[in-house]
Amino acid sequence: MRRTKLNVRPRPIALAVVAVLASLQVADAATRNWVGGAPGGVFWDLANWDTPPVAGDDVLLGAFNTTLRSGTYSLNTVSGSGTLTLSAGTLRLAAASSLGSLALSGGVLSGPGSLALGTLAWTGGQMGEGVAGQTGGSTTVSGLVTISGANGKNLYYGRALNLNGGAQWSGSGSLNL
């Protein structure tokens, strides 16, 4: 058996690619501020943001009331003292977040992050995703929780709902655990 010695030299392009890749750094979550410039207070309207949020960002809503009614937003955190209305779409939180109030009438609140709320008005939609293997996270409400209406409400796959204040239930809707 004859042995052949290979003469391998690094190529300039390969070295340049390695140098560029080595210089790249993973970006940290950026902070995005709600400025509320567009009428209606809708989450996806670009005029409402200093820079629109992307996956992994920290979102500051301030005292504005905001509505999320379509799309999927996988954020690191969300915080503000106003009301976030979640009527459709999905909001996934990765880390500890806080809001003055959440009005959950449709859509999905999920992700492994915790959400601290002053109040919760739950008339429909779900907390947690209906997909096995999703991590749960938690929602903790320090004030009044109102569960009402004819729509079903779902609490899925390990998401905890902690009620540390009063709670009122009315209407014919179901709560599915």
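Treat the numbers as computed from the prediction; the structure is a model and nothing was measured.

Trainee: Can you walk me through the overall build of the protein in this structure?
Mentor: Helix and strand counts for the protein stand at one helix and 17 strands. Relative to its full complement of 177 residues, the protein shows a buried share of 34%. Put simply, of all contacts in the protein between residues at least 6 apart along the chain, 28% involve residues at least 24 apart. As displayed, the protein offers around 9,700 Å² of accessible surface, 57% of which is attributable to carbon and sulfur atoms.

Trainee: Explain the side chain of Asp58 here, please?
Mentor: Within the element layout of this structure, Asp58 appears in strand E2 (residues 58-62). For the buried residue Asp58, which engages in no salt bridge, the nearest side chain bearing the opposite charge is Arg32, 9.2 Å off. Here Thr77 takes part through its side chain, which lies 2.6 Å from a polar atom of the side chain of Asp58. Other than its neighbours up to four places away in sequence, Asp58 contacts Ala29, Ala30, Thr31, Arg32, Asn76 and Thr77.

Trainee: For this particular structure, what's the right way to read the confidence of the model for the protein?
Mentor: If pLDDT is low for a region, its predicted coordinates should not be looked at in detail. Across the protein, pLDDT averages 84, with 82% of residues at or above 70. Segment residues 10-26: pLDDT under 50, and one contact once partners within four positions in sequence are set aside and those in other chains are kept.

Trainee: Explain the packing of aromatic side chains here, please?
Mentor: Here the distance between the centres and the angle between the planes together describe a pair of aromatic rings. Applying the stated criterion across every chain, the model contains four aromatic pairs. Centroid distance Trp34 to Trp49: 5.0 Å. Interplanar angle 90°. Geometry classified as edge-to-face. Of this pair, Trp34 sits in the loop between strand E1 (31-33) and E2 while Trp49 sits in the loop between E1 and E2, placing them 15 residues apart in sequence. A residue is classified by how much of its surface remains accessible, and Trp34, at 5% relative accessible area, is buried. Accessibility expressed as a relative area gives 5% for Trp49, which makes it buried. When the centroid spacing of 4.7 Å and the interplanar angle of 70° are considered together, the rings of Phe43 and Tyr73 count as edge-to-face. Placement of the pair is Phe43 in the loop between E1 and E2 and Tyr73 in strand E4 (residues 72-75), with a sequence separation of 30 residues. An aromatic cluster of three or more residues is present, and its members are Trp34, Phe43, Trp49 and Tyr73.

Trainee: Honestly, the pattern of salt bridges in this entry has me stumped. Any pointers?
Mentor: For side chains bearing opposite charge, pairing can occur when the charged atoms are close. For the structure on display, the rule yields two salt bridges. Linking Asp57 and Arg32 is a salt bridge whose minimum nitrogen-to-oxygen distance equals 2.7 Å. With a gap of 25 residues between them, Asp57 in the loop between E1 and E2 and Arg32 in strand E1 connect regions that are remote in the sequence. An identical accessibility class is assigned to Asp57 and Arg32; each is buried.

Trainee: Mind showing me how you'd approach the pairing of E4 here?
Mentor: Sheet faces and side chains relate simply in a regular strand, where the side chains alternate between the two faces. Here E4 shows one buried face, formed by Tyr73 and Leu75, and one open face, formed by Thr72 and Ser74. As paired strands, E4 and strand E7 (residues 90-93) are joined by four bridges and run parallel to one another. What sits directly across from Thr72, in E7, is Thr90.

Conventions and cut-offs
- Residues numbered from 1 in each chain as written.
- Predicted model: local features only at pLDDT ≥ 70, side-chain atom pairs only at ≥ 80, totals over all residues.
- Heavy atoms only, no water.
- Helix = DSSP H or I, 4+ residues; strand = E, 2+ residues; numbered from the N terminus.
- Buried < 20%, exposed > 50% of the residue type's maximum accessible area, 1.4 Å probe, protein only.
- Contact = heavy atoms within 4.5 Å.
- Areas by Shrake-Rupley, 256 points an atom, 1.4 Å probe, with all protein chains shown as cover.
- Lys, Arg positive; Asp, Glu negative; His and termini not counted.
- Salt bridge = Lys/Arg side-chain N within 4 Å of Asp/Glu carboxyl O.
- Polar contact = N/O pair within 3.5 Å; in protein donor to acceptor, adjacent residues only side chain to side chain.
- pLDDT = per-residue confidence, 0-100.
- Phe/Tyr/Trp six-rings, centres within 6.5 Å; stacked < 30°, edge-to-face > 60°.
- Pairing = 2+ DSSP bridges.

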